[in-house]
Amino acid sequence: MRRLKIAEQVASRLLSEMPALQQMGGDATRYYVERDVAWVLEHLSQAIALTDPILFHDHIAWAKSMMVARGLKRANLKRTLELIAEVLDEDLSPAIYSSTITMIEDALQRLDTRTEEPPGVLNEPGLHADCARDYTEALLAGNAQAARRLVREKVRIGTPVADILLHVIEPAQVEVGRLWQINRIDVAQEHFATAVSQDLMSELTGCVRTNGDSGTVVSACVEGELHDTGLQVVNALLQLNGWATHYLGANTPKLAIQMAVRRVQPEVLALSVTTPYLAWRLPDIIAGLRSDPMTAGVKVLVGGYPFHVSPSLAKWIGADGTARNAEDAVLLAGNFARV
């Protein structure tokens, strides 16, 4: 509740100081400004809890990149951070207040550095790189039929399904996300591309049958996390490597995850978070599993963008391990099952 009040206070002052913002966004401006301020506060509070500013700095860099790509002024973000520093004092201990202000001041200094577009991955040489580029172009053109034809042709000529997942679909989705971030495509195009890729992944793995010789895994995204394409790739690779998989998908509540683990009794629970400020949900999930004798022994494998940014995050939340990509996730799950 405190964060919501701070977001409201900062938004009110920002809009009063910058009336051009109100004119740009119309009636919905206050909602979006409060939402964006709340996101900054979520990342800031998580950085304080971790005593690690890296996730906060990464979010500010992302926000700056987004604003620059959309023609917004960097001064809006700078003033937002300044106003947060002015409001943040009432409920904080002196030590936490001092470290919080230090993080904000550091972020303000970083705003003056040059904004670089996040690099693309499709120009790099690699296995099936040409197909990945053609597949991405088809998705961005809204041509689902062409995208499906490319993938099905790969299957027809005997390309392993794992290669298609790792070297065609996954890099295409990474590029789609990058293009949305830098304002080259809109949300509708991003959603379309994701829907086509998810349908194809289901098609590629729909006929895979496994007796679970490698083990059993439950996979889920935490509550609030709607981006599950990466976890779908991991789940598909586990299927292909002999795992019995129980895929719960996006936006799965804590209680549903815990009940699934109790019912299925897997060797491994794979949890995914793409949105950094949702990572705070993980410690509570893991602690709940550890406190229950029926689920205490499950190995928890975590992955997603926040763990790439902050190497210490997986250990801090109590996970047994984290993987940087889908291939590493399969290897680590195998190691867990052999313990």
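Calculation rules
- Residues numbered from 1 in each chain as written.
- Predicted model: local features only at pLDDT ≥ 70, side-chain atom pairs only at ≥ 80, totals over all residues.
- Heavy atoms only, no water.
- Axes fitted to C-alpha atoms, helices over the stretch in contact; angles between N-to-C directions.
- Helix = DSSP H or I, 4+ residues; strand = E, 2+ residues; numbered from the N terminus.
- Left-handed = near helix turned anticlockwise from the far one by under 90°.
- Contact = heavy atoms within 4.5 Å.
- Nonpolar A, V, L, I, M, F, W, Y, C, P; charged D, E, K, R; others polar.
- Pairing = 2+ DSSP bridges.
- Polar contact = N/O pair within 3.5 Å; in protein donor to acceptor, adjacent residues only side chain to side chain.
- Expected span 1.5 Å × (residues − 1).
- Buried < 20%, exposed > 50% of the residue type's maximum accessible area, 1.4 Å probe, protein only.
- Arc of directions from axis to C-beta.

Turning our attention to the packing of helix α12 (residues 254–264) against helix α13 (residues 281–290). The relative placement of two packed helices is expressed as an angle between their axes plus a distance between the axes. With their axes 10 Å apart at the nearest point, α12 and α13 run at an angle of 35° to one another. The crossing of α12 and α13 is right-handed. Facing α12, whose interface residues are Lys 254, Ile 257, Gln 258 and Val 261, α13 presents Asp 284, Ile 285, Gly 288 and Leu 289. Across the contact of α12 with α13, the residue classes break down as 4 nonpolar, 2 polar and 2 charged.

Taking strand neighbours across the sheet as the criterion, the 5 strands line up as β2-β1-β3-β4-β5 in an open arrangement whose pairing is parallel. On the outer flanks of this sheet lie β2 (243–252) and β5 (321–322), each paired with one strand and no other. Taken together, the 2 bridges between strand β4 (residues 299–303) and β5 define a ladder with parallel strand orientation. Note that in β5 the partner of Val 302 across the bridge is Thr 322. Against the sheet, α12 engages β1 (215–222), β2 and β3 (268–272), with an angle of about 165° to β2.

We now examine the side chain of Thr 205. Mapped onto the fold, Thr 205 is located in helix α10 (residues 187–205). Of note is the side chain of Thr 205, whose polar atom sits 2.9 Å from the backbone oxygen of Met 201.

The first and last C-alpha atoms of helix α6 (residues 94–110) sit 24 Å apart over 17 residues, in line with the 24 Å expected at 1.5 Å per residue. All of the buried residues in α6 are Thr 100, Ile 101, Met 103, Ile 104, Ala 107 and Leu 108. Each buried residue of α6 sits inside an arc of 160° when the element is viewed along its axis, so together they form one side. For α6, the exposed residues set more than 90 degrees away from the buried face come down to Pro 94, Ala 95 and Gln 109.

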